[in-house]
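# Architecture and fold: a report
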Amino acid sequence: MTAMQIIFLITGAILLAASTMVVTARNLVHAALWLIASLFTVAILFALLEAGFLAAVQVVLYIGAIAILIIFAIMLTRRVMQDSGPQTNTQWWLGGLIALALFGALWFILPSVVYPLANASVPDNSLKTLGFALVDMNQYALPFEVASVLLLVALIGSIVVAGDRK
Amino acid sequence: MIPLSWYLTLAAGVFCIGLYGVLARKNAVAILMGIELMLNAVNINLVAFWRYLTPGNASGQMFAIIVFAVAAAEAAVGLALIISIYRRRNTVIAEDIDLMKW
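Rules and cut-offs
- Residues numbered from 1 in each chain as written.
- Chains lettered and ligands numbered in written order.
- Predicted model: local features only at pLDDT ≥ 70, side-chain atom pairs only at ≥ 80, totals over all residues.
- Helix = DSSP H or I, 4+ residues; strand = E, 2+ residues; numbered from the N terminus.
- Rg over C-alpha atoms; globule rule 2.2 N^0.38 Å.
- Buried ≥ 20, exposed ≤ 12 C-beta atoms within 10 Å, placed from the backbone.
- Contact = placed C-beta atoms within 7 Å.
- Domains from an automatic or database assignment.
- Expected span 1.5 Å × (residues − 1).
- Nonpolar A, V, L, I, M, F, W, Y, C, P; charged D, E, K, R; others polar.
- Axes fitted to C-alpha atoms, helices over the stretch in contact; angles between N-to-C directions.
- Parallel < 35°, antiparallel > 145°, perpendicular 65-115°, else oblique.
- Left-handed = near helix turned anticlockwise from the far one by under 90°.

## Side note on the overall build of chain A
- When its secondary structure is counted, chain A shows six helices and zero strands.
- Ordering the α and β elements of chain A from the N terminus gives α-α-α-α-α-α.
- For chain A, the C-alpha radius of gyration of 20 Å lies well beyond 15 Å, the compact-globule estimate for 166 residues.
- Every one of the 166 residues in chain A was classed for burial, and the buried ones make up 25%.
- Considering only contacts within chain A whose residues lie at least 6 apart along the sequence, 49% involve residues at least 24 apart.

## Some words on the domain arrangement of chain A
- As far as domains go, chain A holds domain 1 (1-80) and domain 2 (125-166).
- Measuring from the centre of the C-alpha atoms in domain 1 of chain A to the corresponding centre in domain 2 of chain A gives 23 Å.

## Digging into helix α2 (residues 28-53) of chain B
- The end-to-end C-alpha separation of α2(B) is 38 Å, in line with the 38 Å expected for 26 residues at 1.5 Å each.
- Along α2(B), 19 of the 26 residues are buried, which leaves the element largely enclosed by surrounding structure.

## Describing the interface of chain B and chain A
- Contact residues are listed per partner, giving 63 residues for chain B and 70 residues for chain A.
- Among the elements of the structure, α1 (4-24), α2 and α3 (59-89) of chain B are those that each provide at least two residues to the side of chain B that touches chain A.
- Ranked by residues supplied to the side of chain B that touches chain A, first place goes to α3(B) with 20 residues.
- Per-class residue counts for the side of chain B that touches chain A are 44 nonpolar, 14 polar and five charged.

## Observations regarding the packing of α1(B) against α2(B)
All names here are of chain B.
- Closest axis-to-axis distance for the α1/α2 pair is 7 Å, and the angle between their directions is 165°. Looking at the two axes, α1 sits roughly antiparallel to α2. Crossing hand, α1 versus α2: left-handed.
- Classifying every residue of the contact of α1 with α2 gives 20 nonpolar, five polar and no charged.

## Focus on the environment of G60(B)
All names here are of chain B.
- Structurally, G60 can be placed in helix α3.
- Accessibility expressed as a C-beta count within 10 Å gives 22 for G60, which makes it buried.
- Each C-alpha atom of the pair G60 and F49 lies 7.2 Å from the other, and the pair is 11 residues apart in sequence.
- The residues touching G60, leaving out its near neighbours within four places in the chain, are L46, V47, F49, W50 and T54.

## As for unusual backbone geometry
- One non-glycine residue, E50(A), lies in positive phi territory at about 65°.
- Checked against the element boundaries, E50(A) lands in the loop between α2 (28-48) and α3 (52-76).

## Focus: the environment of Y52(B)
- Tracing the backbone shows Y52(B) in helix α2.
- For Y52(B), a count of 22 C-beta atoms within 10 Å corresponds to the buried category.
- Sequence separation between Y52(B) and V29(B) is 23 residues; the distance between their C-alpha atoms is 35 Å.
- Once you skip the residues sitting within four places of it in the chain, Y52(B) turns out to touch L117(A), A118(A) and L4(B).

Take a look at the structure:
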């Protein structure tokens, strides 16, 4: 047991507990706060995996934008959705069964797959490599542009859909 | 070093918790939160594979960045739809939104 493994186990336990609270919490605002906790532990996992840029993006984009957007949506739609009463539909047990079955199947498959582990360390200039790959025509410039067009379309689309028509 | 299988097991667990949330929750916003959990589980897997298989290559992180962009677009459009439905029908319960059901 190294220090890294102990940090991973603690982070993973917090992540699983927070995720369980997200799907079971009766009060939706509490569920959103637990979602922020689990997103933050995912950022810690990214830092453990030496992907510092992604850890920062996780905090800025997921916690700073998406989680806040979700909290706004909860508060805008709160009036009819009282926090009393069951928050699950009548087929919740079937959903739990499917989720458990999927986890069982993944658990069963996991040991039998052998991955070609590289056993290399992350180069010092990996962030620079990533930045150049994003704008290099021969690498990922096209997916990058498609992603920005997608974001623009989503922005305009959500304004049109949610906008108040007189 | 942390074994790769630990990351995969953790991500599988988070994905299944998110799947349960999507299948069992009544409130449409809670369903979206379950989807966010599932996307995060996938991102853990992608970054773990990048770190253990091709750390010198940018492709694994690129995948994760595209997933970030798609997740942001999905959250914006999904929440806009929910707010629009709430305005017209005064409900956010997924079972009551059956306009297109025969």
